[in-house]
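Each chain, written out:
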Amino acid sequence: MPAYKRIQGTILKLVESGQLKPGDAVNSERELARIHGVSLMTARHALAGLEREGYVVRRRGAGTFVAPPKIHFNKLMSYTEQMARRGLAVGSKLVSLSIVDSEPEVAARLALPSNSKLVKIERLRLGAEEAFAVETCYLPADEFGGLTRSRLDRASLFSLLENRYGLRIAHADEEVDATTADPHTARLLSIPPGSPVLRIRQEIYSAKGKPVLYVLGLYRSDRHTLLIRRFR
């Protein structure tokens, strides 16, 4: 294993075990070089890589610190699965759960008549007991009305759909843009009204090619990164 990877692995283990928490100082380049018996350039390379991946932040004249946790969107997963991959304790608070029939735009996205009844689930998503996102999910009520009796503050929605309803989720079409937090969203996320948030609108399809779930997600821009891989 290259020396810089070994240094990164040591630091990441300290973070994952909780010995280093967000905001804690990380050993300096000089200290890392001495501890691991490598050159200053190798230690610098190790910290630069961790910074690019969002694990640490480097402040000129102050040092290197463990970064606040961020979630990287690079695969179609439930929020619970995303948080688990980053080693964060996940939690949810159910804001509202109802049957609505006045969402014609959402119904159209689900290829349903404009006045169709929909299950509407609004949840505050937490990571390490900190508010990360507000997600509102819509599903056809005639197929998934039983969700209104589920403990959606404790369970992954994807897992419920797959295990209870036998739904096989295949892919999603997503629209991503930036917007600002309205007073309701700002209150839930504990940020000032008008703060920038990342907005992701998802139409999620089953393996049969049918749209079964529409998700409107508002994510704190300081806690999420959209990772895109491009090929030529």
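Residues numbered from 1 in each chain as written. Predicted model: local features only at pLDDT ≥ 70, side-chain atom pairs only at ≥ 80, totals over all residues. Heavy atoms only, no water.

A. Up close: the overall build of the chain. Helix and strand content of the chain: 8 helices and 11 strands. Sorting the 232 residues of the chain into buried and exposed places 43% on the buried side. Accessible surface computed for the chain: about 13,100 Å², of which carbon and sulfur atoms make up 49%. (Helix = DSSP H or I, 4+ residues; strand = E, 2+ residues; numbered from the N terminus. Buried < 20%, exposed > 50% of the residue type's maximum accessible area, 1.4 Å probe, protein only. Areas by Shrake-Rupley, 256 points an atom, 1.4 Å probe, with all protein chains shown as cover.)

B. Layout of the side chain of Thr185. Mapped onto the secondary structure, Thr185 falls in helix H8 (residues 183–189). Of the residues examined, Thr185 reaches a relative accessible area of 3% and is grouped as buried. For Thr185, the contacting residues outside a window of four places in its chain are Val134 and Leu218. (Contact = heavy atoms within 4.5 Å.)

C. Quick peek at the environment of Gly127. Within the element layout of this structure, Gly127 appears in strand E6 (residues 118–127). For Gly127, a relative accessible area of 0% translates into the label buried. Residues Gly127 and Ser92, spaced 35 residues apart in sequence, show a C-alpha to C-alpha distance of 8.7 Å.

D. Representation of the packing of helix H1 (residues 3–16) against helix H3 (residues 40–52) in the model. One can describe the packing of H1 onto H3 by two numbers: an axis separation of 8 Å at closest approach and a directional angle of 55°. Taken together, the axis directions place H1 and H3 in an arrangement best described as oblique. As H1 packs across H3, the resulting crossing turns out to be right-handed. Contacts between H1 and H3 involve Ala3, Tyr4, Ile7, Gln8, Ile11 and Leu12 on the former and, on the latter, Thr42, Ala43, His45, Ala46, Leu47, Gly49 and Leu50. (Axes fitted to C-alpha atoms, helices over the stretch in contact; angles between N-to-C directions. Parallel < 35°, antiparallel > 145°, perpendicular 65-115°, else oblique. Left-handed = near helix turned anticlockwise from the far one by under 90°.)

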